[in-house]
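Single-letter residue listing:
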Amino acid sequence: MASILQSQQPNANLQPQPAVAAEDAAGESGEAVQTFAAYSPPIWARIPVKRKSLHTMPCEIPSTVINKKDDVIVIDSSDLHTMPCEIPSTVINKKDDVIVIDSSDDETLCEEKKCEPDMVTKDEELAHSSPCEPDVVTKDEELAHSSPCEPDVVTKDEELAHSSPACESGLLASVSAPQPSKESLRVVTQLAEEGKLSPLQVEGVGLAIHRHCRLLKQGNDESANSLKQNFVRAGFFLGDGAGIGKGRQIAAVLRDSLSRSVKDSSKGLVSRRRHLWLSVSRELAEDAKRDLEDIGCYVPVLDGAEVLGGNSNGSGTGDQSGILFVTYALLVTMKGKRMEDIIKWLSFGQTEASFDGCIIFDEAHKAKNLCADPPTATGKLVMALQNRLPFSRVMYCSATGVSDLKQMAYAVRLGLWGHGTNFPTFDAFRNSLEKRGVGAMELLALEMKQAGCFVARTLSWDGAEFNTEKVSLSPEQVFVYDQAMNWWEMVKNSMKEVLTDPTMGGTPKMLWSHYWSCIQRFTKELAICAKVPNVAEDALQQLAKGNSIVIGLQSTGEASANASLEEMQKNQSADNLPVADPEDVILDNLLSTAGAIMAGFIRTHFPVAPLPSEPMKMPPVSHGATQTTEERLMYERMEEINNRIQNQPPQPPKPELLRLRQKILDEISNIPLPPAPLDDLIDRLGGVENVAEMTGRSGRVIRMNTGQFKFVKRIGASKEKRFGLSMPLAEEDADRLNIVEKKKFIDGRKTVAIISDAASTGISLHTMAKSQASHRRRVHYTIELPWAADKAIQQLGRTHRSGQISAPIYKMVVTNLGGERRFAAAVAKRMASLGALTKGDRRAASGSDLSEFDIDSRFGRRALKRFYDCMTAEPPYPPSKATNSILDSYLSSVDDFHFERANSDVDLRLFVLSEVKTSLESVGIDPANDVRKSAEVKVFLNRIAALSVAKQNLVFSLFTSTMDDILSEAKTTGEFEGSVEDVRATSICLSAEPEKVTLDHSSGAFTKLAIFHVDRGCSFESSAESTLAIIQTSAPKDTDIEGGDKSIARSGFYISKNKILGRFLVLFAERKYRLSPEEETNTANRIDYDPLGLMVLTRPNTGKNPCEKATDDLVRKYRLVASIDKIRHYLENEFTKDNIVKIMIEKHKVFITMWEETYNNSNKFSSEVGLAARKSKLGIMTGSVLHCLPALEVSVASRKLSERSLKIVRVEISSTGERFVGMRYPVDDAALVNLRATMTTLNAARSGNSSSSSIDEAPDPVQMKSVSWLTSRPKTMKNFFKTVDSTTPAKRKATSSTNTLSNKMTAATALRKTKGAGKAKAITAFFTPTGKSTIIVIRNLPVRVKHYFMCRGRFYCLRPSWLSLPGGAT
């Protein structure tokens, strides 16, 4: 096929990369899906770590290397490799058992210029070299330093891309990012050679620096004084997961920028000496300092609250340079004035448009609600900060920053929309991609990586375990739940009755909104409480095994607990006086937060007094001559009446309503409500002595020695000193208290940690290599389900981080209440796959598409509408195919006396559907009268929580089965986009070289059309392999593999009962959901997972069918020939593929013949009557696609729906393993003609605008003065003065050689990394004593010494005594 685009631009090479090793996971159909690939850094990022030599290693020669013979030093050359400061053989020669140093000039030793890095100067060498003192070198220090003269020898450990195995989504691994220039990597290269950055981190830092050299065009203002006024600097998005080292990469980007900074005080020019780091907590400033110092950057990290608060003009103190650390909370204070102060500080000495320092948006997802209605202050100020400083080097950092397309509005510097792109505004960009589904977001991630503005890596989950722990409510818990729901129903009816009294003045505003929100919080609290006994029991078993426990919550229930304490303070007092201190309240049991929610609602919202009169609505004020005297007097009178109404005292409560309220409150005590889950867990797991609590609450209830309980403060002055709870003095010290608790957990002094959402950012609880509890594997329980994937991932990252000794065990604890079990399965899969969209792949480790679990979607709303329509009809009718099985299951679980009026199965089912309708009305769902509110899925989920356990499960099951039908219909019509579809077939090959169709001028990347030949057939040998995989199961020999549940079809080979289009059809069917033999015995398990009994079909001509068939349809049309249990019986323990083929030929020869005939006769591209073709052509638009997406949509506008959808697909060539990812495009003749015409029009339109949408700057040169400044440790009182050993005389008569030595060592020792700063050291402590005088030979001259050391090929000694000198001198 001739190329449509005649002019070829060699700007970008986006050829697919060879496939890398992947972590395969079994899909729902048993198919292996490559979701994540082992991370492999690009070649340019693989910078070897250089070993240490004389330039950087401490120089003490160990006694094991030195042998003394006749008072002469002898160095055994065979042991030289064990010396920490290995001396090159060119320096030392062993001759007559005497040290011979025969270098002619000790100043030139080991200074071969070809070994030096390009940018290392003498000043830098002094700044980076280690002190020449005889300190002991640890293994970590050896890895942390580098040697500029050592050959590039890479050890096995250095070959790793990161300190812990990392991975990348298989989708992102299929494309490569651009390679930065050598000058961009100049500073990064040095850091990598010193071992301060891993290859993985080198890639992220290098791409960020390279990206910041690009300027994006924002307009065509020809009147602009400077070309740059039409441009803004491009930004970079770092989407790495927890544990990869985002802080270290941020620090490296800042160091690179500081290394290129320029300072000219005479001209008032300060460039790139001031930078901004935005984050979520002030406590993270210490982490920022640590990350900067780890890479040898010692610039000041300034607390924004102190710098900006102490200086009203925001300009800082004098000529202060460094990094301003500011929280998002501080940014939005004082109605945006703080942002003005920040800008003044950053642009000190220059204009706003001249500022070109870095702005780091750490945890950038805090600005995600810019498109909310109304937008948040954080989002607006983050956007304003970028607009005011157009040439700042912006870096967005978040593991979950683009979890939704609408949350990307703040990332304007990525260049995805605006001038020069195909999307003039963010709304146009968002609308175009949202209708493409999740697949378009994944394609966006691909193109962002190809453009060099995005990376997303994560730690490998190899070794981590993910389990879903099912907690079935006990009969006692079900009774409590139902009794509580009856109480809430009584409250609702009582309030309705009270409000019918005309004297009450109507219904208070927001009353029912508060009612339903309280029910939502209450049911959520009860669900958590139901899990506590099981979690505590399992946690104690894990502790007995030597593991440590981490329990994740989202909230603490402190507000409800405080309300209960305030009430008890009024009741527990001597002489009816209130108790002054809540710590004086003695409790017989733990507080119940669920009960506090109930009591709080009644005390606050139950109506006991008439409402005050509502002020009259004032008419609009008319001004000027149009206002008559009568109108003015009327307005004044109405204003006076309203003022009188507003100043009226509140109406006194009615006594009968007060008695009714107290009666309702007394009813709460009759319900055996469970205690607060957080305090209950602490009490069950050993108390505060064993449990490290990392939450934001200010107090808790603990058990006393008497067995009673009392409240104690976590923050502030507590009376319970023995628990160490009085350490913090103010509430803002909660973070500091959590850090203390974390340290106790890490050190093993506490074996249980409980974290809340407030502590889910920045706390590391993994098995740190150097911690005392590193041998205790972490078991991480999630008992409060986080519906947001980003919060789930934040908590996951606390126990799974880089450098861990063992991977954690994750346990998602769920109940059988309503939809929690189904939701938990979805969230567990999201966590297992790091389901944040930043990873570029939304599929779970199981290979399933998580989009179908997103209930609050357009398909969920469509399903809810169908469900409501069926329930409100007269009579109600089944909303889904699985309705009958769901109703039958419900009927079998309840008592028969409820259905005495029904006389048949059909009547029973209709009666249950009528009860569902009544239940919906009882919880305030009225689709007929409130269509808008009732159509909201969140409202539906919250309201059904107020039903009893059985009815709640029934209603939710009916709704989810309806949604299953909606999704199935959408997949059939092609409307359901889902995630990236993997094209899998027996053979896939590329028909010709991909054809270039257009060029993306903004990135220089081509859009290409690749056409593949796909053979999807399945021979009988292949089907025998699938059969063998099922047979090789752990089921006992005397037990059927699929025994127990007869309601679903058996896996095996089937043949159609009747001829279809002139031939019998054969296939292999396999159960989609495979349960364990124990679960198979319980039919309820099958109904929960698979009410339709779905079967995955494989045909000889079409292979595995993506659309499943229900058991009823399969059994009605097909007959079972041989089940897998029957085939296993035939094999008699000889389980091989060949035996299966042999047995089937013997037992079912006709069936095998039909299978092979179908397979062979369909080997063509066109279909025959009754036989679909095996082969097909597949077209994919690959490369840069989003820039021409609207044009592609126009070209297929007249095609059928499945072709108009332009689904995102991924193809892997069978022979080479090359991967292609892009949009599926029809490749028939008519489609190709239309494509050529559309692309010709597009190229012609773009040819008129020849100006580039971006320009690339050359990186600024590295400034040696800046490097010296930023790598110099700041002077402190401790390191400025040198201490003197008390045993050493204060004054020592020094020889000239000693003075010379001191002068030579001054520069090195001033910058040394002191391991024991402040320890007293005499001058002799820096030298190795030889005992008595020792004779050595230097340049053929004997000398007697007592103290010596060697550094960088030089020999130093104290008070040498020359035995003979040239010319006979002595």
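Our subject is the structure listed above.
Summarised in this report is the structure supplied together with it.

Conventions used here
Residues numbered from 1 in each chain as written. Predicted model: local features only at pLDDT ≥ 70, side-chain atom pairs only at ≥ 80, totals over all residues. Heavy atoms only, no water. Pairing = 2+ DSSP bridges. Helix = DSSP H or I, 4+ residues; strand = E, 2+ residues; numbered from the N terminus. Contact = heavy atoms within 4.5 Å. Axes fitted to C-alpha atoms, helices over the stretch in contact; angles between N-to-C directions. Phe/Tyr/Trp six-rings, centres within 6.5 Å; stacked < 30°, edge-to-face > 60°. Buried < 20%, exposed > 50% of the residue type's maximum accessible area, 1.4 Å probe, protein only. Lys NZ or Arg CZ within 6 Å of the ring centre and 35° of its normal. Parallel < 35°, antiparallel > 145°, perpendicular 65-115°, else oblique. Nonpolar A, V, L, I, M, F, W, Y, C, P; charged D, E, K, R; others polar. Expected span 1.5 Å × (residues − 1). Arc of directions from axis to C-beta. Polar contact = N/O pair within 3.5 Å; in protein donor to acceptor, adjacent residues only side chain to side chain. Core = buried A, V, L, I, M, F, W, Y, C linked by side-chain atoms within 4.5 Å. Salt bridge = Lys/Arg side-chain N within 4 Å of Asp/Glu carboxyl O.

## Some points on the sheet that holds strand S37 (residues 1118-1123)
Pairing in this open sheet of five strands is antiparallel, and the strands run S36-S35-S34-S33-S37 from one edge to the other. Both outer strands of the open sheet, strand S36 (1103-1104) and S37, are each paired with one neighbouring strand and no more. With four bridges connecting them, strand S33 (residues 1052-1056) and strand S34 (residues 1066-1071) associate as antiparallel partners. Note that in S34 the partner of Tyr1054 across the bridge is Leu1067. Taken strand by strand, helix H34 (residues 1124-1131) contacts S33 and S37, and its axis lies near 30° from that of S37.

## Quick word on the packing of aromatic side chains
With the rule as written, the count across this model stands at 28 aromatic pairs. Considering the side-chain rings of Phe1151 and Trp1155, the 6.2 Å spacing of their centres and the 45° angle between planes classify their relative orientation as tilted. With Phe1151 and Trp1155 both in helix H36 (residues 1149-1161), this residue pair falls four residues apart, about one helical turn. Of the two residues, Phe1151 and Trp1155, both sit in the buried class. The aromatic ring of Tyr1130 is capped on one face by Lys1147, whose charged end is 5.1 Å from the ring centroid.

## Considerations on the packing of helix H30 (residues 1020-1031) against H34
Close contact between H30 and H34 brings their axes to 10 Å; oriented N to C, the two are set at 85°. As far as their axial angle goes, H34 and H30 are roughly perpendicular. Contacts between H30 and H34 pair Thr1027, Ile1030 and Ile1031 from the former with Ile1124, Ile1127, Arg1128 and Leu1131 from the latter. Its residues placed into classes, the contact of H30 with H34 shows five nonpolar, one polar and one charged.

## What to know about helix H39 (residues 1229-1247)
The end-to-end C-alpha distance of H39 is 27 Å, a good match for the 27 Å that 19 residues give at a rise of 1.5 Å each. Listed as buried for H39 are Ala1231, Leu1232, Leu1235, Thr1238, Met1239, Leu1242 and Arg1246. Viewed along the axis of H39, the buried residues span an arc of 130°, placing them on a single side of the element. Turned more than 90 degrees away from the buried face of H39, the exposed residues are Asp1229, Val1233, Thr1241 and Ser1247. Where H39 begins, the side chain of Asp1228 points an oxygen toward the backbone nitrogen of Ala1230, at a separation of 3.2 Å.

## A closer look at the sheet that holds strand S18 (residues 454-455)
The parallel open sheet is built from seven strands, whose spatial order is S14-S15-S13-S16-S17-S10-S18. At either margin of the open sheet sits one strand with a lone partner, and together these are strand S14 (301-303) and S18. Where strand S10 (residues 236-238) lies against strand S17 (residues 393-397), three bridges are found, and the strand directions are parallel. By the bridge assignment, Phe236 is partnered in S17 with Met395. Of the strands in this sheet, strand S13 (274-279), S14 and strand S15 (322-327) are in contact with helix H7 (residues 284-294), which crosses S15 at around 150°. Sitting on the sheet, helix H10 (residues 337-346) touches S13, S14 and S15, and the angle it makes with S13 is about 150°.

## Remarks on the nonpolar core
Judged by nonpolar contacts, the single largest core of 75 residues is most densely connected at Phe361 and Leu444. In contact with Phe361, not counting residues within four places along its chain, are Leu278, Tyr328, Val382, Leu385, Gln386, Val394, Met395, Tyr396 and Cys397. In this structure, Phe522, Ala530, Leu657 and Leu864 belong to the second largest nonpolar core, which totals 71 residues.

## Brief notes about unusual backbone geometry
Between Glu874 and Pro875 the backbone carries a cis peptide bond, its omega angle lying at -10°. Its place among the elements puts Pro875 in the loop between helix H24 (858-872) and helix H25 (883-893). With a phi close to 50°, Glu363 is a non-glycine residue in the positive phi region. Its place among the elements puts Glu363 in the loop between strand S16 (358-362) and helix H11 (377-388). Since its relative accessible area comes to 11%, Glu363 is described here as buried. For Leu1061, which is not a glycine, the phi torsion comes out positive at approximately 55°. Position of Leu1061 among the secondary structure elements: in the loop between S33 and S34.

## A short note on the environment of Asn1163
By secondary structure assignment, the location of Asn1163 is in the loop between H36 and strand S38 (1175-1183). Taking the C-alpha atoms as reference, Asn1163 lies 6.5 Å from Ala1173; in sequence the two are 10 residues apart. Contact partners of Asn1163, with chain neighbours within four places excluded, come to Arg1174 and Lys1175. Here the side chain of Asn1163 touches Lys1175 through a polar contact of 3.4 Å, side chain to side chain.

## Structural notes on the pattern of salt bridges
If you walk through the whole model with that rule in mind, you get 45 salt bridges. Between Arg290 and Asp291 there is a salt bridge, and its shortest N-O distance comes to 3.3 Å. It is possible to trace a salt-bridge network through shared partners that takes in Glu183, Arg186, Asp256 and Arg260.

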